[in-house]
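Descriptive analysis of the structure
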Amino acid sequence: MSLLALSLLALATAPLARAHGGLANYTVGDPPVWYRGYDPDENATEQDGQSWMVQRKWASIDPIFSATDPYIACNKPGTPGPAYIPIEAGQNLTAVYWYWLHPVGPMTAWLAACPPLSEGGCVGVDVNKLDWFKIWEAGLIPGTGNLAEGIWYQKQFQNWDGSPDLWPVTIPATLKAGLYVVRHEILSIHIENKPQFYPECAHLNITGPGTDLPPSSFYKKFPGAYDPDDPSLKIDIYSDSMRKTYYGQDHPSTSIA
Ligand SMILES: [Cu+2]
């Protein structure tokens with residue numbers, strides 16, 4: 001690892017004793033309505049099975065290191081709560097992180113349709129069998145520099161003034177109404193050849209007049225969406241060749257706007 005990499009790591013980890021981070025809350029609308037997520041640092045018995053729980057349980061802030069790990073879908077253990085965030089197609093769903101440390105790697109947001117409530121809704125689904133489609137992505141911000149020294153969205157969305165880090169994603173305006181699992185993923189690639197996946201999932205009740213779903217060619221499984229040998233996962237961004245180029249990840253955006 002280069003000196004630059006080491007100094008970036010030191011910068012990123014020095015201010016906080018706790019490492020990593022995660023998706024703590026969601027907001028909808030303006031003024032925002034807040035929805036509490038799961039908090040691995042809080043007492044599990046006060047959260048498990050609670051009627052208000054919209055997020056799938058993630059018991060640890062630690063990353064998932066393998067693209068083939070079944071928990072890459074909705075983190076571990078990924079058990080569902082019974083509640084849904086109500087949101088209209090075309091509105092923003094904002095993911096709230098109380099802090100985020102890592103600076104480099106892409107961020108993506110995905111949806112997967114669930115059966116109707118009468119058939120179990122999103123509570124009854126196997127998240128490894130869902131058809132996921134990507135609705136949002138951001139990586140290195142164009143014009144800010146190369147992989148190592150440029151500014152990634154993952155770094156740009158951080159606030160170090162005590163305010164939360166906000167990640168707004170628009171629900172596609174013409175999306176078919178119904179129940180969905182939303183999956184936010186931060187992929188951190190600051191460590192050579194050791195990608196870190198940070199996924200969290202929640203349940204949405206999306207309303208609106210839309211009827212669209214993307215064509216099935218956009219659907220991906222988790223695991224399955226990523227090839228562990230993909231050069232964008234097995235990567236040393238601090239290497240000399242990577243300072244100049246980047247192999248983009250092969251997971252295309254959906255066609256619905
Ligand atoms: Cu971390």
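Residues numbered from 1 in each chain as written. Predicted model: local features only at pLDDT ≥ 70, side-chain atom pairs only at ≥ 80, totals over all residues.

Identification of the chain as lytic cellulose monooxygenase (C4-dehydrogenating) from Sporothrix bragantina is taken from an unreviewed UniProt entry. Turning to the chain, the UniProt annotation filed under Subcellular location (unreviewed entry) states: "Secreted". The Cofactor (unreviewed entry) field of the UniProt record for the chain holds the comment "Cu(2+)". (UniProt positions renumbered as here; feature names shortened; annotations may be inferred.)

1. Quick word on the overall build of the chain
Along the chain, the regular secondary structure elements total two helices and nine strands. For the chain, the α and β elements follow one another from N to C terminus as α-β-β-β-β-β-β-α-β-β-β. For the chain, restricting intrachain contacts to residue pairs at least 6 apart in sequence, the fraction spanning at least 24 positions comes to 75%. (Helix = DSSP H or I, 4+ residues; strand = E, 2+ residues; numbered from the N terminus. Contact = placed C-beta atoms within 7 Å.)

2. Observations regarding the environment of A138
As for its placement among the helices and strands, A138 is situated in strand β6 (residues 132-138). Leaving out residues up to four positions away in the same chain, A138 has contacts with P106, M107 and Y153.

3. Overview of the nonpolar core
The nonpolar side chains of a soluble globular protein tend to be buried, and buried together. Among the nonpolar cores identified, the biggest contains 63 residues, and I85, Y180, V181, V182 and L204 are the most heavily contacted of them. Elements that contribute at least two residues to this core include exactly β1 (21-28), β3 (85-88), β4 (92-100), β5 (107-113), β6, β7 (165-170), β8 (178-188) and β9 (196-207). Excluding residues within four positions of it along the chain, V182 makes contact with L93, A109, L111, C201, A202 and L204. (Core = buried A, V, L, I, M, F, W, Y, C linked by C-beta atoms within 7 Å. Buried ≥ 20, exposed ≤ 12 C-beta atoms within 10 Å, placed from the backbone.)

4. Things to note about the sheet that holds β3
Taking strand neighbours across the sheet as the criterion, the five strands line up as β3-β9-β8-β5-β6 in an open arrangement whose pairing is mixed. Each of the sheet's edge strands pairs with one partner strand only, and the pair in question is β3 and β6. Here the average twist between neighbouring strands, direction ignored, is 35 degrees. Where β5 and β6 come together, six bridges link them in antiparallel fashion. Opposite W110, over in β6, you have K134 as the bridge partner. (Pairing = 2+ DSSP bridges. Axes fitted to C-alpha atoms, helices over the stretch in contact; angles between N-to-C directions.)

5. A look at the sheet that holds β1
Read across the open sheet, the four strands follow the order β2-β1-β4-β7; overall the sheet is antiparallel. Taken across any chain shown, the strands that pair with only one partner, and hence form the sheet edges, are β2 (33-36) and β7. The mean inter-strand angle of the sheet, taken between neighbouring strand axes irrespective of direction, is 30 degrees. In terms of strand pairing, β1 meets β4 through six bridges, oriented antiparallel. In the sheet register, T27 faces β4, and the bridge partner there is T94.

6. Digging into the environment of Y99
As for its position among the elements, Y99 is in strand β4. Residue classification places Y99 among the partly exposed positions, given that 17 C-beta atoms sit within 10 Å. Placed 65 residues apart in sequence, Y99 and P164 show a C-alpha to C-alpha distance of 6.3 Å.

7. Remarks on the confidence of the model for the chain
When pLDDT is averaged along the chain, the result is 89; 87% of the residues meet or exceed 70. Here residues 1-17 scores under 50 on pLDDT; set against residues more than four positions off or in separate chains, the count is 17 contacts. Here residues 247-257 is modelled with pLDDT under 50, and outside its nearest four sequence neighbours on either side it reaches 27 contacts, counting other chains as well. (pLDDT = per-residue confidence, 0-100.)

8. What to know about unusual backbone geometry
Cis geometry marks the peptide bond from D30 to P31, where omega comes out at 5 degrees. Within the secondary structure layout, P31 lies in the loop between β1 and β2. Residues F222 and P223 are joined by a peptide bond in cis, for which omega reads -5 degrees. For P223, the position within the fold is in the segment after β9. Unusually for a residue other than glycine, N75 sits at a positive phi of about 65 degrees. When you line up the elements, N75 lands in the loop between β2 and β3. Judged by the 30 C-beta atoms lying within 10 Å of it, N75 falls in the buried class.

9. A look at the pairing of β5
A large share of β5 lies buried, amounting to six of its seven residues. The sheet contact formed by β5 and β8 spans seven bridges and is antiparallel. Note on β8: the bridge partner recorded for W110 is R183.

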